Amino acid sequence: MTPQRPDLADELLRRRAADQHARGVREHGMVAADLDAMRAVDSDNVTALKRITAEHGWPGRTLVGQQAMDAAWLLAQHADADPDFQQEALLLLREAVAAGEAEPRHLAYLTDRCLVHEGEPQLYGTQYVKDEQGLRPYTIREPNGLDSRRAEIGLGPFAEYDAQMREHY
């Protein structure tokens, strides 16, 4: 299906590429200049996503297509410097998921991200921290119900996700 707004789709895909480039693996790890560049890309992307959502609502499947819809979620996920906008994006994303215009898994990740920023336990176990204790998930609300919550939103078992995270990081 051709998106209604291929121009917005192209913009979101370009912005996702810049996001991922700014987060690229460096031979000697990230240095301060890399972090500054990443923050600058994130700031520019947030400004653009705010404009897009103000004009069109959440850029969903019909408006921009699957890949650009995924890109919009990633930009919102990385909008950590603007938690108010992340909360706004979460509301728009929730509506888009209910309308079949966005992925429930995106909602799980952004929900957890917002909860962690608020100092609250996450629901789906998607957010991790690397500190002196090593790599570990942020606190999870009601861990006994975690896999059923993950299944309801289309995510696989936490043990598999945890193993992937530890292998990757």
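Residues numbered from 1 in each chain as written. Predicted model: local features only at pLDDT ≥ 70, side-chain atom pairs only at ≥ 80, totals over all residues. Heavy atoms only, no water.

Things to note about unusual backbone geometry
Next up, step 1: The phi angle at Glu142 is positive, at roughly 45°, despite the residue not being glycine.
Next up, step 2: With respect to the element layout, Glu142 can be found in the loop between strand S2 (134–137) and helix H7 (146–152). (Helix = DSSP H or I, 4+ residues; strand = E, 2+ residues; numbered from the N terminus.)

With respect to the side chain of Glu11
Next up, step 1: Within the secondary structure layout, Glu11 lies in helix H1 (residues 6–22).
Next up, step 2: Residues in contact with Glu11, not counting those within four places in the same chain, are Ala48, Arg51 and Ile52. (Contact = heavy atoms within 4.5 Å.)

Things to note about the pairing of S2
Next up, step 1: Where strand S1 (residues 128–131) meets S2, 4 bridges bridge the pair, whose relative direction is antiparallel. Pairing of Val129 across the sheet is with Arg136, part of S2.
Next up, step 2: Taken together, S1 and the strand that follows it, S2, pair antiparallel across an intervening segment of 2 residues. (Pairing = 2+ DSSP bridges.)

Focus on H1
Next up, step 1: In this model H1 runs 24 Å from its N-terminal to its C-terminal C-alpha over 17 residues, within 8% of the 24 Å that 1.5 Å per residue would give.
Next up, step 2: Considered for burial, the residues of H1 that qualify are Leu8, Ala9, Glu11, Leu12, Arg15, Asp19 and Ala22. Buried residues in H1, looked at end-on, bunch into an arc of 160°, giving them a common side. Turned more than 90 degrees from where H1 packs its buried face, Arg14 and His21 sit exposed. (Expected span 1.5 Å × (residues − 1). Buried < 20%, exposed > 50% of the residue type's maximum accessible area, 1.4 Å probe, protein only. Arc of directions from axis to C-beta.)

Some points on the packing of H1 against helix H4 (residues 66–77)
The relative placement of two packed helices comes down to the angle between their axes together with the axis-to-axis distance.
Next up, step 1: At a minimum axis distance of 8 Å, the contact between H1 and H4 shows a crossing angle of 50°. Here H4 runs oblique to H1, going by the angle between their axes. By crossing handedness, the relation of H1 to H4 is classed as left-handed. The segment H1 lies against H4, with Ala9, Leu12, Leu13, Arg15, Arg16, Asp19 and Gln20 engaging Gln67, Ala68, Asp70, Ala71, Ala72, Leu74 and Leu75.
Next up, step 2: Counted by class, the contact of H1 with H4 contains 8 nonpolar, 2 polar and 4 charged residues. (Axes fitted to C-alpha atoms, helices over the stretch in contact; angles between N-to-C directions. Parallel < 35°, antiparallel > 145°, perpendicular 65-115°, else oblique. Left-handed = near helix turned anticlockwise from the far one by under 90°. Nonpolar A, V, L, I, M, F, W, Y, C, P; charged D, E, K, R; others polar.)

Everything listed here is a matter of geometry and, on its own, says nothing about what the molecule does.
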